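Close look at the chain arrangement
Residue strings, one per chain:
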Amino acid sequence: MALAYINLSAKQYFNFMCRTDFERRIFHDTYKEFQKKSKPYAVGEYLYSFSQMCLANGKAIALHQKLHYSIMNVIETLDNKMPVLNDVSGKPILFDWAELNIYESDLLNKAAHVVAINYTSPKLLLHEIVSDMLILSYENKGKFNDNFMVKLTDDLVINYEQTPEIAYQ
């Protein structure tokens with residue numbers, strides 16, 4: 001019996017403590033783009049941080065999307081595999097949506113630059129919850145693939161979509 005349709009979301013943070021080439025690329029590319037795209041919101045170069053810009057001009061929120069566009073090709077190199085979430089066998093969970101958010105940035109201090117990418121899986125069928133494990137499967141053209149298990153952690157967000165009608169296999 002199916003319990004629900006869900007999506008899984010996981011967040012990956014990027015700051016000056018990058019470890020992998022992918023993380024360094026996201027960090028440096030987004031900071032470089034922040035330096036370019038934030039000029040209209042810097043108000044005569046008196047505002048230096050992202051939070052100051054947002055307080056002074058609500059339109060500065062658009063920087064989230066502008067920075068996201070600058071790294072779309074880098075995200076594509078992941079082949080829709082979340083780098084921060086695996087099933088219990090170590091296989092990466094797939095994502096069909098990735099969204100960049102700026103937590104803070106500063107034109108005068110690159111070390112203050114912190115962004116995150118929130119990855120969201122495609123629709124998954126939740127078959128069962130056993131202890132701290134979710135038993136799931138991907139939907140593929142109305143059919144469901146092999147089951148896999150994901151361990152519940154504090155970093156995992158479950159987005160509840162709907163309760164399907166009772167499904168028997």
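Refer to the structure presented above.
Given the structure is predicted, the values throughout are model-derived calculations rather than measurements.

**With respect to the overall build of the chain**
Counting its secondary structure elements, the chain contains four helices and ten strands. In the chain, the order of α-helices and β-strands from amino to carboxyl end is β-α-α-α-α-β-β-β-β-β-β-β-β-β. Along the longest, intermediate and shortest principal axes, the C-alpha atoms of the chain span 65 × 30 × 30 Å. Split into buried and exposed, the 169 residues of the chain put 40% on the buried side. Considering only intrachain contacts with a sequence separation of at least 6, the fraction spanning at least 24 residues in the chain is 62%. Here the chain contributes 17 positively and 20 negatively charged side chains, and the mean placements of these two sets differ by 8 Å.

**Quick notes on helix α1 (residues 21–37)**
Between its first and last C-alpha, α1 extends 24 Å over 17 residues, near the 24 Å set by a 1.5 Å rise per residue. Taken together, the buried positions of α1 are Phe 22, Glu 23, Ile 26, Phe 27, Thr 30, Tyr 31, Glu 33 and Phe 34. The buried residues of α1 occupy an angular sector of 165 degrees when projected down its axis, which confines them to one face. Opposite its buried face, α1 presents the exposed residues Asp 21 and Lys 32, each directed more than 90 degrees away.

**With respect to the nonpolar core**
Among the nonpolar cores identified, the biggest contains 38 residues, and Leu 8, Leu 63, Ile 117, Tyr 119 and Leu 136 are the most heavily contacted of them. Per-element accounting of this core gives the leading share, five residues, to strand β1 (residues 4–14). Ignoring sequence-local partners within four residues, the contact set of Ile 117 consists of Ala 10, Lys 11, Gln 12, Phe 14, Ile 26, Ile 71, Ile 75, Ala 98, Glu 99 and Leu 100.

**Some remarks on the packing of aromatic side chains**
For the structure on display, the rule yields four aromatic pairs. Pairing Phe 14 with Phe 22 gives two aromatic rings, centres 6.0 Å apart and planes at 65 degrees, and the pair type is edge-to-face. Judged by its relative accessible area of 1%, Phe 14 is buried. By relative accessible area, which is 16% here, Phe 22 ends up buried.

**Notes on a nonpolar patch on the surface**
Judged by side-chain polarity, Leu 3, Ile 129, Leu 152 and Ile 158 come together as a nonpolar surface patch covering roughly 300 Å² of accessible area. Relative to the assigned elements, Leu 3 resides in the segment before β1. Since its relative accessible area comes to 36%, Leu 3 is described here as partly exposed.

**Comments concerning the side chain of Thr 120**
Position of Thr 120 among the secondary structure elements: in strand β5 (residues 114–120). With near-sequence residues (within four places) excluded, Thr 120 lies in contact with Asn 7, Leu 8, Ser 9, Met 82, Phe 95, Asp 96, Trp 97 and Asn 159.

**Quick notes on the pairing of strand β9 (residues 148–151)**
Burial along β9 is one-sided: Phe 148 and Val 150 are buried, while Met 149 and Lys 151, pointing the other way, are not. Relative to β9, strand β7 (residues 133–140) runs antiparallel, the two sharing four bridges. The residue bridging Leu 136 from the neighbouring strand is Phe 148, located in β9.

Criteria and cut-off values
Residues numbered from 1 in each chain as written. Predicted model: local features only at pLDDT ≥ 70, side-chain atom pairs only at ≥ 80, totals over all residues. Heavy atoms only, no water. Helix = DSSP H or I, 4+ residues; strand = E, 2+ residues; numbered from the N terminus. Buried < 20%, exposed > 50% of the residue type's maximum accessible area, 1.4 Å probe, protein only. Contact = heavy atoms within 4.5 Å. Lys, Arg positive; Asp, Glu negative; His and termini not counted. Charge placed at Lys NZ, Arg CZ, Asp CG, Glu CD. Expected span 1.5 Å × (residues − 1). Arc of directions from axis to C-beta. Core = buried A, V, L, I, M, F, W, Y, C linked by side-chain atoms within 4.5 Å. Phe/Tyr/Trp six-rings, centres within 6.5 Å; stacked < 30°, edge-to-face > 60°. Patch = residues over 30% accessible without salt bridge, like charges linked within 9 Å, V, L, I, M, F, W, Y side chains within 5 Å. Areas by Shrake-Rupley, 256 points an atom, 1.4 Å probe, with all protein chains shown as cover. Salt bridge = Lys/Arg side-chain N within 4 Å of Asp/Glu carboxyl O. Pairing = 2+ DSSP bridges.

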